[in-house]
Amino acid sequence: MNLLANKVAIVTGGSRGIGEGIVRLFAGNGANVAFTYLSSSTKADAIAEELSATGVKVKAYQCDAGDYAATEQFAAAVIKDFGTVDICVNNAGISKDNLLLRLSAEQWDDVMQANLKSLYNLTKQVIKPMMKARAGSIINLSSIVGLKGNAGQSAYAASKAGIIGFTKSIAQELGSRNIRCNAIAPGFIETDMTHYLKDGDAAQKWAEKIPLGRLGTTEDIAQAALFLASDHSRYITGQVLSVCGGMNM
Ligand code: NAP
């Protein structure tokens, strides 16, 4: 299927994990993709080269999503290289888990900067070309932890809950310009971020608590992002789509 033929998509944190899955599925659906990474330059360049050989344009950019000036420069480079932005996936994120008593102010700030300020930084840039085109789809990666909370993840949960408030507000601000803004709330997805699940039988124990009986894959999340990016979701905005195998029910 070519659900995103000729669209230009930005994906932050596309060098690994869920972001990489989204970059691959979007490119496979005909989108030209500009994606960012923080430090994985070799991996990012290899993905861009591999996907560019399939006939779409895919380019990797080093850009700290938490740094306003860097995102401003990145967005300007994308406009220069690709002409416009139709889709923006705010995916880059980190987790620094600790019980509140042990959570340092620096850890709190790092998580907020990478996970929440990053949305302000880049969304502010991409809405300019989207307003001009009177069309756009913005997709933000929240988490079921942002809906339910989780002991030891107060900073991460607060940042992911903040993403939901941001998403719903932008949907209301920009709906009249035909710009949609939705969030995805993944459950446990097998990536570097959840590497601790590989210890012992942790993954198996979590899988037993998930109605669909398994952890999620990056492809599971990418398929949800594809739906929200495409015209198949054209009357959907301001929503949070949980992709978690039913574990938040
Ligand atoms: P991951 O495997 O750790 O990959 C993180 C990606 O984000 C990498 O490409 C990394 O780039 C990039 N990144 C990190 N900080 C960045 C920054 N400041 N600026 C630009 N890029 C940055 O993470 P993931 O598991 O795929 O998670 C992706 C998103 O889904 C995150 O927002 C996460 O909170 C959310 N999520 C994940 C899960 C899960 O179970 N995995 C569940 C719920 C929500 P480098 O490769 O250069 O480091």
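Scroll up for the structure.
Cut-offs used in this document
Residues numbered from 1 in each chain as written. Predicted model: local features only at pLDDT ≥ 70, side-chain atom pairs only at ≥ 80, totals over all residues. Heavy atoms only, no water. Near = heavy atom within 4 Å. Areas by Shrake-Rupley, 256 points an atom, 1.4 Å probe, with all protein chains shown as cover. Helix = DSSP H or I, 4+ residues; strand = E, 2+ residues; numbered from the N terminus. Nonpolar A, V, L, I, M, F, W, Y, C, P; charged D, E, K, R; others polar. Phe/Tyr/Trp six-rings, centres within 6.5 Å; stacked < 30°, edge-to-face > 60°. Buried < 20%, exposed > 50% of the residue type's maximum accessible area, 1.4 Å probe, protein only. Lys NZ or Arg CZ within 6 Å of the ring centre and 35° of its normal.

A.B. asks: Just to check I follow, could you spell out the site of the ligand for this structure?
C.D. replies: Taken together, 30 residues sit near the ligand, with Ser15, Ser39, Ser40, Tyr156 and Thr191 positioned nearest. When isolated, the ligand has an accessible area of 910 Å², and the protein chains bury 95% of it. Looking at the shell around the ligand, the elements that each hand over two or more residues are helix 1 (17-28) and helix 6 (154-174). Residue composition of the shell around the ligand, grouped by class: 13 nonpolar, 13 polar and four charged.

A.B. asks: Whenever I open this one, the packing of aromatic side chains confuses me. Can you help?
C.D. replies: Aromatic rings considered in pairs are described by the distance between their centres and by the relative angle of their planes. Evaluation of the coordinates by the stated rule reveals three aromatic pairs. Between Phe188 and Trp206, the aromatic rings sit 4.4 Å apart at their centres with planes inclined by 45°, giving tilted as the arrangement. A residue pair is termed long-range when its members are at least 10 positions apart, and Phe188 in the loop between strand 6 (179-186) and helix 7 (202-209) and Trp206 in helix 7 qualify at 18 residues. Here Phe188 falls in the buried class, since its relative accessible area comes to 14%. The ring centre of Phe82 lies 4.7 Å from the NZ or CZ of Lys57, which sits over that ring. Between the NZ or CZ atom of Lys209 and the centre of the ring of Trp206, over which it lies, the distance is 4.5 Å.

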